[in-house]
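As a plain string of letters, each chain reads:
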Amino acid sequence: MMDPTLAEMGNHLSDAMKILESGKFLFHFFSDSGQDVVSILQLVQNLMHGDDDKQGQRMQYVAEQGHMALLGHSLAAYISVLERERLRKLTTRILSDTTLWLCRLFRYENGSAYYHEGDCEGLVKVCRLVINTQYEDYATEGFTMLSSKHPVIYQSAACRPGLGQHLCSQLGLPLSCLCIVPCNTMFGSLHQMDVALLDKLIRDDRESGKVPLLLIANAGTPGAGHTDKLSRLKELCVQYNMWLHVEGVNLATLALGQVSSAVTAATKCDSMTLTPGPWLGLPAVPAVTLYRHEDPALSLAAGLTSSQPVEKLRALPLWLSLQYLGHDGIVQRIKHASQLVGPTLYLLDPTPLPFTRAVSPLFPPSPCPPISAGAQFKGFYSCKGLPLGEQLVQQVPLSGVDVVELEDEGTCVRFNPLMTAAALGTQENDVAALVEKLGEMIPVLSCTLRFRQDFKDEVLQQASLSYIEDLSWPGLGGVRYEPRTTDLDEDKRQHSVEKINSDLLKKLMELDTDLYFSGGPEFCEEKNGIFIGMATEDLDVAELVETIVSIGRDIEESGKLFENMTEIVRRGIQEAELQLQKANEEKLMEEGVFRQIPLVGSVLNWLSPVQASVKGRTFNLAEGIDVFYRGS
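Summary of the structure given here. (Residues numbered from 1 in each chain as written. Predicted model: local features only at pLDDT ≥ 70, side-chain atom pairs only at ≥ 80, totals over all residues. Heavy atoms only, no water.)

### Structural notes on the nonpolar core
Looking at soluble globular proteins, one finds that nonpolar side chains tend to be buried together.
Then step 1. The biggest cluster of nonpolar side chains holds 80 residues, and the ones touching the most others in it are Tyr154, Leu198, Leu215, Val246, Leu251 and Met272.
Then step 2. The element best represented in this core is helix 15 (residues 316–339), accounting for 10 residues.
Then step 3. Residue-level mapping places this core at the junction of two domains, with at least three residues from each of domain 2 (120–274) and domain 3 (349–363 + 383–445).
Then step 4. Beyond its immediate chain neighbours, meaning those up to four positions away, Val246 contacts Ala217, Asn218, Ala219, Leu230, Leu251, Ala266, Cys269, Ser271, Met272 and Thr273.
Then step 5. If you look at the next biggest cluster of nonpolar residues, it comprises 28 residues, including Val130, Leu146, Leu167 and Leu304. (Core = buried A, V, L, I, M, F, W, Y, C linked by side-chain atoms within 4.5 Å. Buried < 20%, exposed > 50% of the residue type's maximum accessible area, 1.4 Å probe, protein only. Helix = DSSP H or I, 4+ residues; strand = E, 2+ residues; numbered from the N terminus. Domains from an automatic or database assignment. Contact = heavy atoms within 4.5 Å.)

Next comes the structure, spelled out in structure tokens:
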């Protein structure tokens, strides 16, 4: 028999899903008498979707295993109201099962697990554990123990931005306790920690009385997906009595049958943080920090374990999801994501890309295409003014590509299926579409790269144009039309430059051409510029520059004519005003003062009409006011 509480919860969840799929409804306000469950769920739907008509695009697609994870959160709330002893037994079972499964799945023997929402939360608790271990009297003496011997936390320069600062903030440590270890500059990967330099930094800190506390290494850097030399780093940590913590997307491959030795070394570390949610396409499941430590009292003091049963329910969504997927389902999802990179590299290899490619291999060379955790395709060029990465994101959304900034390579397009494929449902045809789109852009990229210098040279030969150097612009380059008038003050000249280039941009955008014209990047320092986008093979650079000069000259001359006309009209109006004033004075002299008085003037004009001459006026834009008289 099913527990009536669980059955009732299932009915409510079923009603909730039906309501969330039913469509729009009216907003209900808070009422004194309360509302039923259906009305409240309708209110939730309204808050989630608002007036959006595109129902299919409102939420990320959630597969069946994702629904199981979401169900876990509701179950946890229901389970928390059980009587205490029953709750304790249930949560202990859930926690022990999940921890055992994860340790076996990711080859981490005799490990304990801490489940947490934020990716950094587990590392913070691990740092507290290490501090309590290294400073025996820390529990009673507190920060005074740290002031005499400063602890040092080492992290790779390729770690997540802000990670070390966050740790120091949460632990109450000054930033001087954080040591950023540079990556290799001469030997090895540019994204791997420099082991020799780390050794020297540790020795220097020990000699100065500091306590090397913990080292954060990468099994898949956030940007490029590279793995540090974990075996050598573990040796250093043993030598200097330090704690080794490993994180990164490549840890997911520990669940596979064949794993590179570089990643396998992570199983010997003191702790590691796993993020099974994106790896398996599970929404709202916690991250997990696996660790090894023999003293449960110190683990409890650090917050890695809890005596509260409700805290242990954090593992419930993951417990349900792992059971639903099973060992084969978990391995299959990770294997599928890893193998998506192989066809990508295979299809790209014969293509003459005008940009570099950085790959993080997980398997040794073999006759088959290499399988890797992620590949980054570097390129700062674009089509129609949009960066290449944004083009790919829009045109092949299921590929999961995104844009990252790497210190050495610059702006890169990252394809990292281990973090995206499970949630998006990426298949090989999506990868093929990604490669196809890249193939379509390659000729345009190549032409643009070839014509950039020619365009700059042609612009610099024109006295009326100035070249704008902006490395963030992905097209041919930028120009500014400079008026030939030099007798204007600075404010008027700037206004003239702005007006001419604004009109010039509009004229160029109206041309029947495949070229893209823009006012420039959003944060461009150069103002009043015209930026030209990507080029095709049939582009005549000299003709393009001459067209810009010709249109700009026409606009400038038209502007001068308009200014002359404006000045003539202004003088003509002034002259007309003077003529009208003079005519009024002459009328007053001819007719006398009494004729200007309304009542008296009417009588006088009736008794003695005035024979006045009629003045005609013409206005010539070239010559001004021409006044002539015509008799009555």
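### Observations regarding the packing of aromatic side chains
Then step 1. Using the criterion set out here, one finds 2 aromatic pairs in the structure.
Then step 2. Across from the ring centre of Tyr108, 3.7 Å away, lies the NZ or CZ of Arg292, which sits over that ring.
Then step 3. Between Arg450 and the ring centre of Phe451, over which it is positioned, the NZ or CZ distance is 5.0 Å. (Phe/Tyr/Trp six-rings, centres within 6.5 Å; stacked < 30°, edge-to-face > 60°. Lys NZ or Arg CZ within 6 Å of the ring centre and 35° of its normal.)

### Describing the packing of helix 15 against helix 18 (residues 417–424)
Then step 1. At a minimum axis distance of 9 Å, the contact between helix 15 and helix 18 shows a crossing angle of 120 degrees. Here helix 18 runs oblique to helix 15, going by the angle between their axes. The two elements helix 15 and helix 18 meet at a crossing, and its hand is right-handed. Along its contact with helix 15, which presents Ile334, Ala337 and Ser338, the element helix 18 presents Pro417, Leu418 and Ala421.
Then step 2. Of the residues in the contact of helix 15 with helix 18, the class split is 5 nonpolar, 1 polar and no charged. (Axes fitted to C-alpha atoms, helices over the stretch in contact; angles between N-to-C directions. Parallel < 35°, antiparallel > 145°, perpendicular 65-115°, else oblique. Left-handed = near helix turned anticlockwise from the far one by under 90°. Nonpolar A, V, L, I, M, F, W, Y, C, P; charged D, E, K, R; others polar.)

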